[in-house]
Each structure stands twice: as structure tokens, then as C-alpha cells.
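# Coordinate inspection notes
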Amino acid sequence: MTTLRRYGLLTACALQAQLAYRASLVLTLVASATSLLAQLYLWRAIYGADGHAVLAGFRLADMTSYLLFSNLLFLMLDNRVDHEIAADIMRGDILIHFVRPVSYTVQKFFTSLATVLSNGVLVGLPLCVLGAVLFGLTMPRGPDVLLFAVSATLALLIGFLLNACVGALAFVTTNLWGIQMMKTATVGILSGYLIPLSFFSPPLRQVADWLPFQSMIHTPVALLLGKAGGLGAAFALIGQQLCWVLLLGAACAALWRQLGKRLDAVGG
């Protein structure tokens, strides 16, 4: 059995486990739909009754599409890898994983794909359809869809590596609740999930430009909606994402190599 096939079986098994908890998926769908509808109605109130205003380069139809696809990506980025790693360290299960002939972080990547798929297909896509039916949708062009596919893939890699780095901090802190809350808030604001970065003040936008978070949501959605500023700018944004994947990958490997030496797990 090839290595890729072996890891693929991990994804399949994790997906079966995800589908076994249908109530959890339904609750996630209801909670996400409530949040999305609140955002959509809020922005409709901001734009006013006619909806013809243009704010920071966004018409109401653009903003509706932005919110739909940003919520889709946010759900797919919620892979819970940091939670699972922290739980493994706290219970002591990390010791078992370390002696297995399979890379722990690579194993987590492939099992996290099950969460990405279930959240994206069973929760995110129905939300997009619901939003499109109720509020309309700006249809993207074919080339923009291709750019989005590449960019979204890199965004998911960045999200995984970020969570893997955060999860590794459990070697030091054991309890990650505070760090996870801070990460969620930071990603929500600086990724463009709550509001497009074009609405930010110049100083805050400069801060966001120097951090990896905008590559997780704002960049892919901006490419999909044709708001990157041309093909050259689009390739530059994708190149920036690729750089963040390489940097975070190196940081993640170094962090795990260093913190793994001071393993102090409890439990059994």
C-alpha cells in the first residue's frame, strides 16, 4: 500500500466518524446560518434601501458574495487541529502517536481534511445556496474561479499550519483555551472574515498586510470577486500565500522539533 493511499484511508475513516455525528453537523449548520443571516441583514442596513451605494469598492451584491464565500472558507478553516493536538498532549496520547511509524503532523493534516470536507460540503455550500437564493450572488468569471481554487488551497494549508503551531504550544501551557480564543479573535478580524480589509484604516491595513491572516480569507475571496487589481496583482497575492506556507511550514517543523523534546504529558 502506498504512503498516499495509507494517509487517504485516514481521511476516509475520519470522514466516517464525522458523518456519524449528524446532530453536530446540524447544530453547526444552524449556528452558521444564524451568524451569516445576521451579517447579511446588517450590511443591507448599512447600504440602505436602494443598495446602489459603493463602499470601499464594494456594491451590495459584491458584499453579499463576499460574506457568503468568506463564511464558506471560515468553516473550512475550522479544522480543530489545535484542539485535537492539545487534547492528545493533555491526555498523554501524544506518546502513542510519537512511536508510530507515521508522522504525527502529517497524520493530523489528513484527518483534518475530513473536517474541511464535511464543513465545506455539508454546511458551507448549503449556506451559500441559501444566501444566493435570498439575497442574490455576483457570479464570478471562469479565470477568477481558477485563481480562487489555487488560493483557497493555499489558504487551507496556512490554516492547518497555523493551528499545528498553536497546538504545539500545549507542550508548554497544557491548557490552550486562552491562546485559542485570542487566535480566533485575531483571525476573525485580520483575515477579513468579519469585514473586508479594504474597509480598514491605512495603518491597520498595513499591519494586516504583514501578517498571514489575510491570506486565509480575504485574498481568496478578493480573487474570486475580481478585486485583486489585475492578473499581475493576483499572481503576487498567490505568491505571498505560497511564501506564508513555506514560512509557517518551517516554523511548524522547528517548533515541533524543539517543543517535542520537553514532552511532559499527563494522563494515560
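From a predicted model like this one, the values you see are computed outputs, not experimental measurements.

Attention now moves to the packing of helix H4 (residues 81-91) against helix H7 (residues 142-168). Orientation of H4 relative to H7, taken along the N-to-C sense of each, is 25°, at an axis distance of 8 Å. In terms of axis orientation, H4 runs roughly parallel to H7. Between H4 and H7 the crossing geometry is right-handed. Contacts between H4 and H7 involve Val81, Asp82, Ile85 and Ile89 from the first element and Phe160, Asn163, Ala164, Val166, Gly167 and Ala168 from the second. Considering only residue class, the contact of H4 with H7 consists of 7 nonpolar, 2 polar and 1 charged.

Counting residues in hydrophobic clusters, the biggest one holds 65 residues, and the most contacted among them are Phe171, Met216, Ile217, Val221 and Trp256. Of all the elements, H7 adds the most residues to this core, at 12 residues. If near-sequence neighbours (up to four positions away) are discounted, isoleucine 217 is found in contact with Ser70, Leu73, Phe74, Leu77, Ser191, Gly192 and Tyr193.

Under the counting rule described, the total for this entry stands at 11 aromatic pairs. By way of ring pairs, the aromatic residues Trp43, Tyr47, Phe58, Tyr66 and Phe199 are connected into one cluster. For lysine 227, the ring lying beneath its charged end belongs to phenylalanine 58, and the centroid distance is 5.0 Å.

The next subject is the layout of surface pockets. Estimated volume of the largest pocket: approximately 440 Å³. Taken together, 18 residues make up the lining of the largest pocket; nearest its centre are Thr28, Leu75, Asp78, Arg80 and Asn119. Take the lining of the largest pocket: its biggest share by element is 6 residues, from helix H2 (residues 22-47). Its residues placed into classes, the lining of the largest pocket shows 7 nonpolar, 8 polar and 3 charged. Approximately 320 Å³ is the volume attributed to the second largest pocket. Taken together, 15 residues make up the lining of the second largest pocket; nearest its centre are Phe74, Leu77, Asp78, Lys183 and Thr184. With 5 residues, helix H9 (residues 177-190) is the largest single contributor of residues to the lining of the second largest pocket.

The next point concerns helix H12 (residues 231-259). Spanning 29 residues, H12 covers 41 Å between terminal C-alpha atoms, matching the ideal 42 Å at 1.5 Å per step. For H12, the set of buried residues is Ala234, Ile238, Gln241, Trp244, Val245, Leu248, Cys252, Trp256 and Leu259. Buried residues belonging to H12 abut H4, helix H5 (94-99), helix H6 (104-135), H7, helix H8 (170-173) and helix H11 (218-224).

Reading the values: rules and limits
- Residues numbered from 1 in each chain as written.
- Predicted model: local features only at pLDDT ≥ 70, side-chain atom pairs only at ≥ 80, totals over all residues.
- Heavy atoms only, no water.
- Axes fitted to C-alpha atoms, helices over the stretch in contact; angles between N-to-C directions.
- Helix = DSSP H or I, 4+ residues; strand = E, 2+ residues; numbered from the N terminus.
- Parallel < 35°, antiparallel > 145°, perpendicular 65-115°, else oblique.
- Left-handed = near helix turned anticlockwise from the far one by under 90°.
- Contact = heavy atoms within 4.5 Å.
- Nonpolar A, V, L, I, M, F, W, Y, C, P; charged D, E, K, R; others polar.
- Core = buried A, V, L, I, M, F, W, Y, C linked by side-chain atoms within 4.5 Å.
- Buried < 20%, exposed > 50% of the residue type's maximum accessible area, 1.4 Å probe, protein only.
- Phe/Tyr/Trp six-rings, centres within 6.5 Å; stacked < 30°, edge-to-face > 60°.
- Lys NZ or Arg CZ within 6 Å of the ring centre and 35° of its normal.
- 1 Å grid on protein atoms, 1.4 Å probe; cavity = no way out; pocket = protein on both sides within 12 Å on 5 of 7 lines; lining within 4 Å.
- Points joined across faces, edges and corners; volume = space filled by probe spheres on them.
- Expected span 1.5 Å × (residues − 1).

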